[in-house]
Amino acid sequence: MSILYHTDVTLRERVAECLKDDFKHNAIKTAQEVFYNKRAALVEEMGEGWEELRLHATEIRNHVTENLDYYVKMFAENAEANGYIMHYAPTDQDALAEVLDIFEKTNSQSTVKSKSMMTEEVGLNEVLEEAGYKVVETDCAECILQKAESKPSHIVVPALHFNRDAIRDIFTEKCGYEGTSVPEELTHFLRRYLRTEFLNADVGIRGCNFAVASTGSPTLITNEGNGRMVDSVPKVQIIFVGIDRIVPDLQSLDTMEALVPRSAVGSKMTAYFSVDSGPRRSDEVDGPVEAHIILMDNGRSRILKTDFEPMFRCMRCGACLNICPVYRHITGHGYGSIYPGPMGVVMTANMVGYDKIDTMTFACTLCGACAEHCPATIPLHDLIRQHRINIVDQGKNHSEEVPVFKLLKKMWSSVGFYKFAMGAGAPVMGLFTNDKGALDAKSTWMPVVKGWTSTRDFDGLSKDRFRTWFKNHKPLAAEAPVQKTEGTEGGGE
Ligand code: SF4
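Only a predicted model underlies this, so the values are computations on that prediction, with no experimental measurement involved.

Conventions used here
Residues numbered from 1 in each chain as written. Predicted model: local features only at pLDDT ≥ 70, side-chain atom pairs only at ≥ 80, totals over all residues. Helix = DSSP H or I, 4+ residues; strand = E, 2+ residues; numbered from the N terminus. Buried ≥ 20, exposed ≤ 12 C-beta atoms within 10 Å, placed from the backbone. Contact = placed C-beta atoms within 7 Å. Expected span 1.5 Å × (residues − 1). Arc of directions from axis to C-beta. Pairing = 2+ DSSP bridges. Axes fitted to C-alpha atoms, helices over the stretch in contact; angles between N-to-C directions. Domains from an automatic or database assignment. Near = placed C-beta within 6 Å. Nonpolar A, V, L, I, M, F, W, Y, C, P; charged D, E, K, R; others polar. Parallel < 35°, antiparallel > 145°, perpendicular 65-115°, else oblique. Left-handed = near helix turned anticlockwise from the far one by under 90°. pLDDT = per-residue confidence, 0-100.

Along the backbone of the protein chain there are 22 helices and 12 strands. Split into buried and exposed, the 493 residues of the protein chain put 38% on the buried side. Relative to all contacts within the protein chain whose residues are 6 or more apart in sequence, the contacts with residues 24 or more apart total 73%.

Below is the structure:
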């Protein structure tokens, strides 16, 4: 089973499960509204500057994509000059093998981690624990998920599906917490609890928001101080960098930094913004003695020079999730991937292929709100539609659909068949609706149709064809000619 995508439960089963969870829905609704309003206020404040910023970021990201070899090489060389030890991981298995090797060679037994979707993507925690190493998540939300053995439901706020009472219960059961569910009390406890873990860990593992090629610097954007503790306390540091996270220079980083927090959570900046420059120098007292960068592909480069290349611009800000009506209802877990929402639909299909995913790419209304919100102007709905086209072209859609669409194709290709079908539609439907009303909840025995009628009515078809109706109606102008009165031309009141 892929760690990235869970194929053992169908989309329908996952969605049915998620729809039962009222708390999760309300939490997502509230989060979406808060993020939406805060972002909207900041965008309005910037006026036309916002669109200029989006387009500038798009140009930068496209430029890096078109010259990826050049910038990967530049980043790697400069990072090495900073003292980082570079590891190249074409696949998730390569990345895992590199990490295990580092643990072995440095004689490490434990690690503290800060939030990293890439390590979720490769299932790092599970592999390290299986190998006998201690793994402690130190981001507040990730720590809750680890203790609860749960999966992220959002890429920016991953523990959205737990309320404060549930968190208190998790901490009580798993960490010996004895306090209340007051957030300040919970966070004070967590801070004390994690302090010991930071001080005792051998390795610090984290992700990277952007990697600056000209300076060889991995960066970290976060609202919690744990990122810097992970960076600076353990003797060994491992940073996961995706090959799609490279920006040319610090000026480009500035553009991204202006966009990401605004798009992600509607704030001008995050509490912490770190630009790292290698392990501890001989005259420094803090920082890791040894620092490694795992530069990982894991299917990312597969989309280069394809219809999906725009996805390489993704900054993982989560803005597309915050506006998506489908995400709002089926929640992050409904997608079955650690990357949910519009970006997750595109990315997951790109990374795991059409053979391994079920109907996930069809869980989209194609409303396009995500594309309008995306700071990197990625046409997400077009890419999702392209996935659907590819799935059908490769014959990987549901087999029951094939005869239905073949029949529809025949109908729309023949005038005679079309007229016959239009004429027959109302009487045939009348047989099922008893010649009146609509198909309603009583028709749930009907295959395919029940998906619609179990929750809403399907109105009976009209016996009159529109063309006949149109022919029998005289133009309004002919029935009641408009009187032109002097001085009223232009219609202003
Ligand atoms: S697709 Fe766009 S909006 Fe969605 S996470 Fe990526 S950059 Fe953000």
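On we go from here.
This part covers helix 5 (residues 92-105). The terminal C-alpha atoms of helix 5 lie 20 Å apart, and with 14 residues this matches the ideal 20 Å at 1.5 Å per residue to within 8%. Every buried residue of helix 5 is listed here: Asp92, Ala95, Leu96, Val99, Ile102 and Phe103. An end-on view of helix 5 places all buried positions within 125° of arc, on one side of the element. The exposed set on the far side of helix 5, more than 90 degrees from its buried face, consists of Gln93, Asp101, Glu104 and Lys105. At the C-terminal side of helix 5, Asn107 shows a positive phi close to 55°.

Take the pairing of strand 4 (residues 203-206) next. Here strand 4 shows no split at all, with Val203 and Ile205 on one side and Gly204 and Arg206 on the other all buried. With three bridges connecting them, strand 2 (residues 110-113) and strand 4 associate as parallel partners. If you follow Lys113 over to strand 4, its bridge partner there is Ile205.

Another point: the sheet that holds strand 7 (residues 236-242). Spatial strand order, 1-10-7-4-2-3: six strands in an open sheet with parallel pairing. Edge strands, defined here as strands with exactly one partner in the open sheet, are strand 1 (85-89) and strand 3 (134-137). Direction aside, the axes of adjacent strands within the sheet are offset by 20° on average. In this structure, strand 4 lies alongside strand 7, joined through four bridges in parallel fashion. In the strand pairing of strand 7, Val203 is matched with Val236. Across the sheet, helix 5 lies against strand 1, strand 4, strand 7 and strand 10 (290-296), angled at about 170° from strand 10, the strand it touches most.

This part covers the domain arrangement of the protein chain. With domains assigned, the protein chain is organised as domain 1 (68-299) and domain 2 (401-475). Placing a centre on the C-alpha atoms of domain 1 and another on those of domain 2 gives a separation of 55 Å.

Around the ligand, the structure places 15 residues, and the nearest of them are Cys314, Cys317, Cys320, Met343 and Cys374. Residues belonging to the shell around the ligand are distributed by class as follows: 11 nonpolar, three polar and one charged.

This part takes up helix 4 (residues 68-81). With 14 residues, helix 4 should reach 20 Å at 1.5 Å per residue; the first-to-last C-alpha distance of 20 Å fits that figure. Among the residues making up helix 4, those that are buried are Tyr71, Val72, Phe75, Ala76 and Ala79. An end-on view of helix 4 places all buried positions within 130° of arc, on one side of the element. Projecting away from the buried face of helix 4 at angles above 90 degrees are the exposed residues Asp69, Lys73 and Ala81. Tucked into the core, helix 4 has its buried residues touching helix 3 (49-66), strand 1, strand 5 (211-212), strand 8 (246-247) and strand 10.

If you check the backbone angles, Asn298 has positive phi at about 50° while not being a glycine. For Asn298, the position within the fold is in the loop between strand 10 and helix 13 (319-323). Even without glycine at this site, Lys305 takes up a positive phi of about 60°. Considering the arrangement of structural elements, one finds Lys305 in the loop between strand 10 and helix 13. For Lys305, a count of 10 C-beta atoms within 10 Å translates into the label exposed.

Okay, the packing of helix 1 (residues 11-19) against helix 14 (residues 325-334) next. Where helix 1 meets helix 14, the closest approach of the two axes is 8 Å, and the angle between their N-to-C directions is 115°. Accordingly, the angle class assigned to the pair helix 1 and helix 14 is roughly perpendicular. The interaxial crossing formed by helix 1 with helix 14 has right-handed handedness. Contacts from Arg14, Val15 and Cys18 of helix 1 reach helix 14 at Ile330, Thr331, His333 and Gly334. Class assignment for the residues of the contact of helix 1 with helix 14 results in three nonpolar, three polar and one charged.

As for its placement among the helices and strands, Ser414 is situated in the loop between helix 18 (401-413) and helix 19 (415-433). Here Ser414 falls in the exposed class, since 12 other C-beta atoms lie within 10 Å of it. Separated by 278 residues in the primary sequence, Ser414 and Val136 have C-alpha atoms spaced 65 Å apart.

Further remarks concern the confidence of the model for the protein chain. Low pLDDT means the predicted coordinates in that region are not meant to be read closely. Chain-level pLDDT for the protein chain is 90 on average; 94% of the residues reach the 70-or-more range. The low-confidence segment residues 485-493 (pLDDT under 50) makes zero contacts with residues lying over four places distant or belonging to another chain.

What follows covers the sheet that holds strand 9 (residues 272-275). Spatially, 8-5-6-9 is the arrangement adopted by the four strands of the open sheet, whose pairing is mixed. At either margin of the open sheet sits one strand with a lone partner, and together these are strand 8 and strand 9. One ladder, built from two bridges, connects strand 5 with strand 6 (residues 217-222); its direction is antiparallel. Across the sheet, the residue bridging to Val212 is Ser217, located in strand 6.

Once that is clear, we can look at the environment of Phe240. Along the chain, Phe240 turns up in strand 7. C-alpha of Phe240 to C-alpha of His292: the two residues are 52 residues apart in sequence and 8.7 Å apart in space. The residues touching Phe240, leaving out its near neighbours within four places in the chain, are Ser116, Met118, Thr119, Gly207, Cys208, Ile294 and Met296.

Residue position: Gly430 is located in helix 19. As for Gly430 and Gly460, which are separated by 30 residues in sequence, their C-alpha atoms are 7.1 Å apart.

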